[in-house]
Each structure stands twice: as structure tokens, then as C-alpha cells.
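One-letter residues, chain by chain:
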Amino acid sequence: MNYENEKLNDRFVFMTTHKLPKNVAGKYYVNDNCIDCDMCREFAPANFARDDEGDGLSFVFKQPGTLGEEAQCKEAKEGCPAEAISDDGGID
Ligand code: SF4
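Rules behind the numbers
- Residues numbered from 1 in each chain as written.
- Predicted model: local features only at pLDDT ≥ 70, side-chain atom pairs only at ≥ 80, totals over all residues.
- Heavy atoms only, no water.
- Phe/Tyr/Trp six-rings, centres within 6.5 Å; stacked < 30°, edge-to-face > 60°.
- Lys NZ or Arg CZ within 6 Å of the ring centre and 35° of its normal.
- Near = heavy atom within 4 Å.
- 1 Å grid on protein atoms, 1.4 Å probe; cavity = no way out; pocket = protein on both sides within 12 Å on 5 of 7 lines; lining within 4 Å.
- Sits in = over half its atoms within 2 Å of the grid points.
- Helix = DSSP H or I, 4+ residues; strand = E, 2+ residues; numbered from the N terminus.
- Nonpolar A, V, L, I, M, F, W, Y, C, P; charged D, E, K, R; others polar.
- Salt bridge = Lys/Arg side-chain N within 4 Å of Asp/Glu carboxyl O.
- Buried < 20%, exposed > 50% of the residue type's maximum accessible area, 1.4 Å probe, protein only.
- Points joined across faces, edges and corners; volume = space filled by probe spheres on them.
- Core = buried A, V, L, I, M, F, W, Y, C linked by side-chain atoms within 4.5 Å.
- Contact = heavy atoms within 4.5 Å.

1. A look at the packing of aromatic side chains
This model, assessed by the stated rule, comprises zero aromatic pairs. The ring of Tyr29 has Lys19 sitting right over it, with the charged end atom 4.9 Å from the ring centre.

Dropping the structure here:
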């Protein structure tokens, strides 16, 4: 493998994330970049929880149902230090 391929491979690995299976279906979800810092659970306790019986990472247990919850989820996404929260409803 030459240097350029190694660089591309590193980049690919860095960019590949997986949606955690405990997320409920919908707009917001957490991926496996989560580092269990607790911030999203503090910002949006009605929507994010910790998987205490599993890997200890956060997941979305309820999609926002009010404007207030939507604002809290948006704040959690923007503040997540690991960029582990998405709001596109994707299935990565
Ligand atoms: S803010 Fe991000 S890194 Fe921190 S617990 Fe939530 S999803 Fe994980």
C-alpha cells in the first residue's frame, strides 16, 4: 500500500460511523463515536439516555415531540464533542 492509499484508508476509517442500534427510529440518532461524556443527557434528558445495560453509550430513546425538546436535541447535537449525534434520520 502506498502513502496515498494509506492516507485514504485512514480517512475512510475516520469517516465511517455506525448508528447505535438502541436509537428509536426518527430524525435524531447517536453513532458509535459517542464517548459517554453525558452532555446530551444533560441538555436533552427527555430524549437521550445512557445504555447502562449495554455499551454505556448514549442513544435517543424518544424523538422530540415539542419545540422545546427539538431545541434541546439541537443543542445536544451542536454541543456533542465527538460529533456523534445526527439529525438526518439516516440509517448508517
Ligand atoms: S454528547 Fe455526544 S459524546 Fe457525549 S454522551 Fe452524548 S452522544 Fe455521547
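2. Observations concerning the site of the ligand
Near the ligand you find 13 residues, and of these Cys34, Cys37, Cys40, Ser58 and Cys80 are the closest. Put simply, the ligand lies in the largest cavity. A total of three residues in the shell around the ligand trace back to one element, the largest contributor, which is helix α2 (residues 39–43). Taken together, the residues of the shell around the ligand sort by class into nine nonpolar, one polar and three charged.

3. Things to note about the pattern of salt bridges
With the rule as written, the count across this model stands at seven salt bridges. A salt bridge links Asp38 to Arg41, with the shortest nitrogen-to-oxygen separation between them at 2.8 Å. On the basis of relative accessibility, which here comes to 13%, the residue Arg41 falls in the buried class. For Glu69, the salt bridge goes to Lys62, with nearest N and O atoms at 2.6 Å. Among the charged side chains, a network of salt bridges with common partners joins Asp36, Asp38, Arg41, Arg50 and Asp52.

4. Concerning empty space enclosed by the protein
If a probe the size of a water molecule is rolled over the atoms, the empty space left behind becomes visible. For the coordinates displayed, the defined rule picks out one cavity of 30 Å³ or more. Quantified by volume, the largest cavity comes out at close to 90 Å³. Along the walls of the largest cavity sit 14 residues, with Cys34, Cys37, Cys40, Ser58 and Cys80 positioned nearest its centre. Each residue belonging to the lining of the largest cavity can be placed in one class, and the counts come to eleven nonpolar, one polar and two charged.

5. Here we look at the nonpolar core
Ranked by size, the top nonpolar core spans 15 residues in total, and within it Val30, Phe48, Ala84 and Ile85 carry the most contacts. Residues in contact with Val30, not counting those within four places in the same chain, are His18, Lys19, Leu20, Asn23, Phe48, Ser58, Phe59, Val60, Ala84 and Ile85.

6. Topic: the environment of Glu83
Within the secondary structure layout, Glu83 lies in the loop between α3 (67–79) and β4 (85–86). Here Glu83 is in contact with Asn31 and Asn33, once residues within four sequence places are set aside.

7. Some words on the environment of Ala82
Note that Ala82 resides in the loop between α3 and β4. For the pair Ala82 and Cys34, spaced 48 residues apart in sequence, the C-alpha to C-alpha distance is 6.0 Å. Contact partners of Ala82, with chain neighbours within four places excluded, come to Asn33 and Ile35.

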